[in-house]
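Here is how the chains run, residue by residue.
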Amino acid sequence: MTRELLTATLALALLAAWPHAQQPPQPPPAAPQQPSEIVTTISGDAGAPPRLAVPDFIALSPDAETQAVARTVGQVLWDDLNYEREFAFIPRDVYATIPKATSFNDVPFDRWQELNADGLVVGTVQKIATGFHVEMRLYNVRSKQAVYPRQYDGGANARLYAHTIADEIHKSQRGLNGVARSKLTFDSDRDGERMSGTVQSRNIKEIYIADYDGENQKRVTVGKTLNITPRWSPDARSIAYTSYRRGGANIFISNIFVGTLEEVTKGDKVGENWLPAWSPDGSKVAFTSTRDGNPEIYVANRDGSGVRRLTNHPGIDISPTWSPSGTQIAFTSDRSGSPQIYIMGTDGLGLSKKTSESYCDKPTWSPAPFNEVAYASRNGPGYDIKVLDLATGHVRQLTFGEGTNESPAFAPNGRHIAFMSTRSGKSQVFTIASDGKNLKQITRSGNNEKPDWSK
């Protein structure tokens, strides 16, 4: 049966520093359905994860740029696929023992089978007038058949080719939404700037963004003030955050692709406003405000209209986070003595207390289909990250006293958590799998805090 490679246009626009106007990236269009194509899954032996080999892509053009793109695509693709732990891998240090293919026509399948590879990713990179043409084929090593062929045309962004291929392989082979094309945001003092005109010398913090693995870190705000607690909008086109650019704390939204700025709490003359949290549909923002004298939870439309107060208690109510359904909000309150995690409906009713520990803060609700809340729990002098299963009440602990660990944020597929930790000295952003494995450090320059993961 004849197989035709499916063609998709690869989006190449990356996030760039706000406020410069940017065109939003266009996702690859849906690939045309080919009646002759049969997409099958590769399996391992006896239910074991499939063993993949991912050598560097083949440079079909002799120039140095093409060779660099080919090499980077292969290396980053291996890292992206390995991140989700859905596959076993043939170690890359043994690839040198296998003759290198020069095209799709001379792949040494027998040698890969000797290494017990179940699947093999082979790709080519060729320079064209408009940039690069990249082809990828995922082979079943035993049958020597291409079970998932794709083509991409675009510029020289090797990492984006790899991220796209990784997410597509995870989806087609494991039914998993990968996170390779997702983004992180966080606040940072790495620029070493200080605020002027203040009674006390205060460091400036700005909002940054990065790829999920920490690459391509870029500054978003240039407010030369405190810009903190960033949160991605559900469509990953905007970031809401707390800024002191007007003096006191207020909620702003940077629309990072079009270079515009919105102020959610612009009409508030009394009190301060912090810790924004987007509703799942992106139409509303929950936040903490002292406009009525005491820190309480409020909700407003994203343009600042329709402000509603949800809590009304002498205690401090802060750090809201929405449920995936948009019908509930979890938050931190000290109304029972020490700060604990509570949940209420978006009408402020149906309040229930979820933790009873020494000190809990900064809840973040997992995406569907998981029904979990991660939070920071004080154990001794510092904090650790814990996850509460709301259905069973079971709590699992992910960090264990290495520095202080705070501000958890779930990945869009719910399988990973970004958080701040001081385990390496300064405050840095790390990611960890939701089972407590696969810890990775994301930032290294300055102090970096309060991460959030794009949806």
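Position numbers for residues count from 1 along each chain, tracking the sequence in the order it is written. Per-residue local features are limited, in this predicted model, to residues with pLDDT of at least 70; the limit for side-chain atom pairs, both in listing and counting, is 80 or more; totals at the level of whole chains, interfaces and linings are taken over all residues. As a rule here, side-chain values come from all non-hydrogen atoms in the structure, and water together with hydrogens is ignored.

**A closer look at the overall build of the protein**
Selection criterion: Per the convention used, a helix needs a DSSP run of H or I reaching at least four residues, while a strand needs a run of E reaching at least two, with both numbered from the N terminus. Partly exposed describes any residue whose relative accessible area lies between the buried limit of under 20% and the exposed limit of over 50%, with all areas from a 1.4 Å probe on protein chains only and scaled to the type maximum. We call two residues in contact when some of their heavy atoms are within 4.5 Å. Only the protein chains shown count as covering a residue, and every accessible area follows the Shrake-Rupley method with a 1.4 Å probe.
If you tally the helices and strands in the protein, you get 3 helices and 31 strands. Put simply, the protein has 455 residues, and 53% of those count as buried. Partitioning the contacts of the protein with sequence separation of at least 6, the portion at a separation of at least 24 is 46%. Counting every atom, the protein has about 19100 Å² of accessible surface; 49% of that belongs to carbon and sulfur.

**Some thoughts on the sheet that holds strand E20 (residues 328–333)**
Where we set the bar: Strand pairing is assigned whenever DSSP detects at least two bridges linking the two strands.
The antiparallel open sheet is built from 4 strands, whose spatial order is E19-E20-E21-E22. Edge strands, defined here as strands with exactly one partner in the open sheet, are strand E19 (317–322) and strand E22 (352–353). One ladder, built from 6 bridges, connects E20 with strand E21 (residues 340–345); its direction is antiparallel. Counted as the bridge partner of phenylalanine 331 is tyrosine 342 from E21.

**Looking at helix H1 (residues 64–83)**
The line we're drawing: Expected helix span is taken as 1.5 Å per residue step, with the number of steps being one fewer than the number of residues.
Helix length check: H1, at 20 residues, gives a terminal C-alpha distance of 29 Å against a target of 28 Å (1.5 Å per residue), a fit within 8%. Following H1 by one or two positions, arginine 85 adopts a phi angle in the positive range, close to 60°.

**A look at the pattern of salt bridges**
Note the cut-off: Whenever Lys or Arg places a side-chain nitrogen within 4 Å of a carboxyl oxygen from Asp or Glu, that contact is recorded as a salt bridge.
A full pass over the atoms with the stated rule returns 27 salt bridges. Aspartate 56 is the partner of arginine 92 in a salt bridge, and the nearest nitrogen-oxygen pair spans 2.8 Å. Note that arginine 92 is positioned in the loop between strand E4 (88–89) and helix H2 (109–114) and aspartate 56 in the loop between strand E2 (51–53) and strand E3 (58–59), a separation of 36 residues in sequence. Overall, the relative accessible area of 34% leaves aspartate 56 in the partly exposed class. Where lysine 450 meets glutamate 449, a salt bridge forms, and the shortest distance between an N and an O atom there is 3.6 Å. With a relative accessible area of 25%, lysine 450 lands in the partly exposed category. Looking at glutamate 449, the relative accessible area reads 15%, which means it is buried. By sharing partners, the salt bridges in this structure join Glu84, Glu86, Arg174 and Arg415 into a single network.

**Focus on the environment of serine 188**
Looking at where serine 188 falls in the secondary structure, it is placed in strand E8 (residues 183–188). Between the C-alpha atoms of serine 188 and asparagine 203, which are 15 residues apart in sequence, the distance is 9.8 Å. For serine 188, the residues in contact, after removing those within four places along its chain, are Ile204, Lys205, Glu206, Tyr208, Ser445, Asn447 and Asn448.

**Structural notes on the sheet that holds strand E14 (residues 260–263)**
Quick note on the threshold: Every angle, taken between N-to-C directions, lies between 0 and 180 degrees, and every axis is a line fitted to C-alpha atoms, over only the stretch in contact when it is a helix.
Strands sit in the order E11-E12-E13-E14 across an open sheet of 4 strands; the sheet is antiparallel. On the outer flanks of this sheet lie strand E11 (227–232) and E14, each paired with one strand and no other. Neighbour to neighbour, the strand axes of the sheet diverge by 30° on average, direction disregarded. Strand direction decides the pairing type here: E11 and strand E12 (residues 238–246), joined by 4 bridges, are antiparallel. In the strand pairing of E12, isoleucine 228 is matched with threonine 242.

**Quick look at unusual backbone geometry**
In the segment running from alanine 368 into proline 369, the intervening peptide bond is cis, with an omega of 5°. Its location among the elements puts proline 369 in the loop between strand E23 (360–365) and strand E24 (372–379). Unlike most non-glycine residues, threonine 229 shows phi in positive territory, near 50°. Tracing the backbone through its elements, the reader meets threonine 229 in strand E11.

**Overview of the packing of aromatic side chains**
Definition in use: Pairing of aromatic rings covers Phe, Tyr and the six-membered ring of Trp, with a centre-to-centre limit of 6.5 Å; geometry is then stacked below 30 degrees between planes, edge-to-face above 60, and tilted otherwise.
Here the structure, examined in full by the defined rule, presents 11 aromatic pairs. Measuring from centroid to centroid gives 5.1 Å for tryptophan 78 and phenylalanine 89, while their planes differ by 50°, and the two rings are tilted. Of this pair, tryptophan 78 sits in helix H1 while phenylalanine 89 is found in strand E4, placing the two residues 11 residues apart along the sequence. Like phenylalanine 89, tryptophan 78 is buried.

**Describing the pairing of E14**
Pairing geometry for strand E13 (residues 248–255) and E14, over 4 bridges, is antiparallel. Pairing of serine 254 across the sheet is with leucine 261, part of E14. Between E13 and E14, which pair antiparallel and follow one another directly, the connecting turn spans 4 residues, one of which, glycine 259, has a positive phi of 70°.

**Points about the packing of H1 against helix H3 (residues 158–174)**
Note the following rule: Note that the term roughly parallel is reserved for angles under 35 degrees, roughly antiparallel for angles over 145, roughly perpendicular for angles of 65 to 115, and oblique for everything else. With the far helix as reference, a near helix turned anticlockwise by less than a right angle produces a left-handed crossing, and one turned clockwise produces a right-handed crossing. For this scheme, ten residues count as nonpolar: Ala, Val, Leu, Ile, Met, Phe, Trp, Tyr, Cys and Pro. Four count as charged, namely Asp, Glu, Lys and Arg, and the remainder, Gly too, count as polar.
Contact geometry for H1 and H3: axes closest at 8 Å, N-to-C directions at 40°. Between H1 and H3, the interaxial angle falls into the category oblique. Note on packing geometry: the crossing formed by H1 with H3 is right-handed. For the pair H1 and H3, contact is made by Val69, Thr72, Val73, Val76, Leu77, Asp80 and Leu81 and by Ala158, Arg159, Tyr161, Ala162, His163, Ile165, Ala166, Ile169 and His170, respectively. Grouping the amino acids of the contact of H1 with H3 by side-chain chemistry returns 11 nonpolar, 3 polar and 2 charged.

**A word on H3**
Given 3.6 residues per helical turn, the α-helix brings residues three or four places apart onto the same face. Here H3 contains 17 residues, and its C-alpha end-to-end distance of 24 Å stays within 8% of the 24 Å for a straight helix at 1.5 Å per residue. Where burial is concerned, most of H3 is hidden: 14 out of the 17 residues are buried. Count one or two residues on from H3 and you reach glycine 175, which has phi positive near 65°.

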